[in-house]
Amino acid sequence: MGTDPARDTARGTVRRGRGTVVVSSLASDAHTWNLVYLQLLIEECGYEVVNLGPCVPDELLVAECAALRPEMVVISSVNGHGHQDGLRAIRALRAHGPLVRTPVVIGGKLGTEGPEGAGRVRELTDAGFDAVFEDGQDPITAFRGFLSTVARAELTAPGPLRIGA
């Protein structure tokens, strides 16, 4: 007898899927374990995940998101180039009409210069990211909070969701 991923066997209840989330790295980031961890975390919260993997060119990210129309896009970086690559990626995503309202977040090691992240975070949110989760500030707890905010927002008003801007 197979298992039904939509059924919580511990409680005997059926969970309703919340939609699809795209998880991706950036073009210069070849790390994979962070993406696997994020995939498992997001799946645990009830979403289906399409993991695009490492070294994803902006064009591929936009094409996949345009085809999938996800509930959210999660971008992870651990090589320290997340800020510059993230700016380019979010501009490409936001330039594609149907993706203008899709929640897009970025997290990880976004720069190489140390704890000077406040300006970096502001620049990323100003460019179009809905939230930025920088290393060193308990990003997992903050990201879980964001996921629950997105779930609540799906039930209320349409439109862009800005957290921590």
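None of these values were measured; they are calculated from a predicted model.

Let's shift gears to the pattern of salt bridges. The final tally for this structure, using the stated rule, is 5 salt bridges. By sharing partners, the salt bridges in this structure join Asp58, Asp85 and Arg88 into a single network.

Their axes nearest at 9 Å, the elements helix α2 (residues 58-68) and helix α3 (residues 82-95) cross at an angle of 35°. Of the two possible hands of crossing, α2 and α3 adopt the one that is right-handed. Contact with α2, carried on its side by Asp58, Leu61, Val62 and Cys65, involves Arg88, Ala89, Ala92 and Leu93 of α3 and no other residues of that element. Split into classes, the residues belonging to the contact of α2 with α3 amount to 6 nonpolar, no polar and 2 charged.

Both faces of strand β7 (residues 131-134) are covered, namely the face carrying Ala131 and Phe133 and the face carrying Val132 and Glu134. Where strand β6 (residues 104-108) lies against β7, 4 bridges are found, and the strand directions are parallel. For Gly107, the partnering residue across the bridge sits in β7 and is Phe133.

Membership of the largest hydrophobic core comes to 21 residues, with the highest contact counts inside it found for Leu61, Ile75, Leu93, Ile106 and Phe129. Every element with two or more residues in this core is listed here: α2, β5 (72-77), α3, β6 and α4 (117-127). Residues in contact with Ile106, not counting those within four places in the same chain, are Leu26, Ile75, Gly82, Gly86, Leu124, Phe129, Ala131, Val132 and Phe133. In terms of nonpolar packing, the next biggest core, distinct from the first, is built from 17 residues, Ile42, Val49, Leu147 and Val150 among them.

Attention now goes to the environment of Gly82. With respect to the secondary-structure elements, Gly82 resides in helix α3. Residues Gly82 and Thr112, 30 residues apart in the sequence, show an inter-C-alpha distance of 9.4 Å. The residues contacting Gly82, other than those within four sequence positions of it, are Leu26, Ser77, Leu87, Ile106, Lys109 and Leu110.

Where strands meet in a sheet, backbone hydrogen bonds hold them as pairs that are either parallel or antiparallel. Read across the sheet, 5 strands follow the order β4-β3-β5-β6-β7 without closing on themselves; strand pairing throughout is parallel. Strand pairing shows two members of the sheet lacking a second neighbour, β4 (48-51) and β7, which therefore form its edges. In this sheet, adjacent strand axes meet at a mean angle of 20° when their direction is disregarded. Summarising the sheet, strand β3 (residues 20-24) and β4 pair through 4 bridges and their orientation is parallel. Each residue of the ladder has a partner; that of Val23, found in β4, is Asn51. Lying over the sheet, α2 contacts β3, β4 and β5, oriented at roughly 175° with respect to β3. Where α3 meets the sheet, its contacts fall on β5 and β6, and the angle it forms with β6 comes to roughly 170°.

Cut-offs and rules
- Residues numbered from 1 in each chain as written.
- Predicted model: local features only at pLDDT ≥ 70, side-chain atom pairs only at ≥ 80, totals over all residues.
- Heavy atoms only, no water.
- Salt bridge = Lys/Arg side-chain N within 4 Å of Asp/Glu carboxyl O.
- Axes fitted to C-alpha atoms, helices over the stretch in contact; angles between N-to-C directions.
- Helix = DSSP H or I, 4+ residues; strand = E, 2+ residues; numbered from the N terminus.
- Left-handed = near helix turned anticlockwise from the far one by under 90°.
- Contact = heavy atoms within 4.5 Å.
- Nonpolar A, V, L, I, M, F, W, Y, C, P; charged D, E, K, R; others polar.
- Buried < 20%, exposed > 50% of the residue type's maximum accessible area, 1.4 Å probe, protein only.
- Pairing = 2+ DSSP bridges.
- Core = buried A, V, L, I, M, F, W, Y, C linked by side-chain atoms within 4.5 Å.

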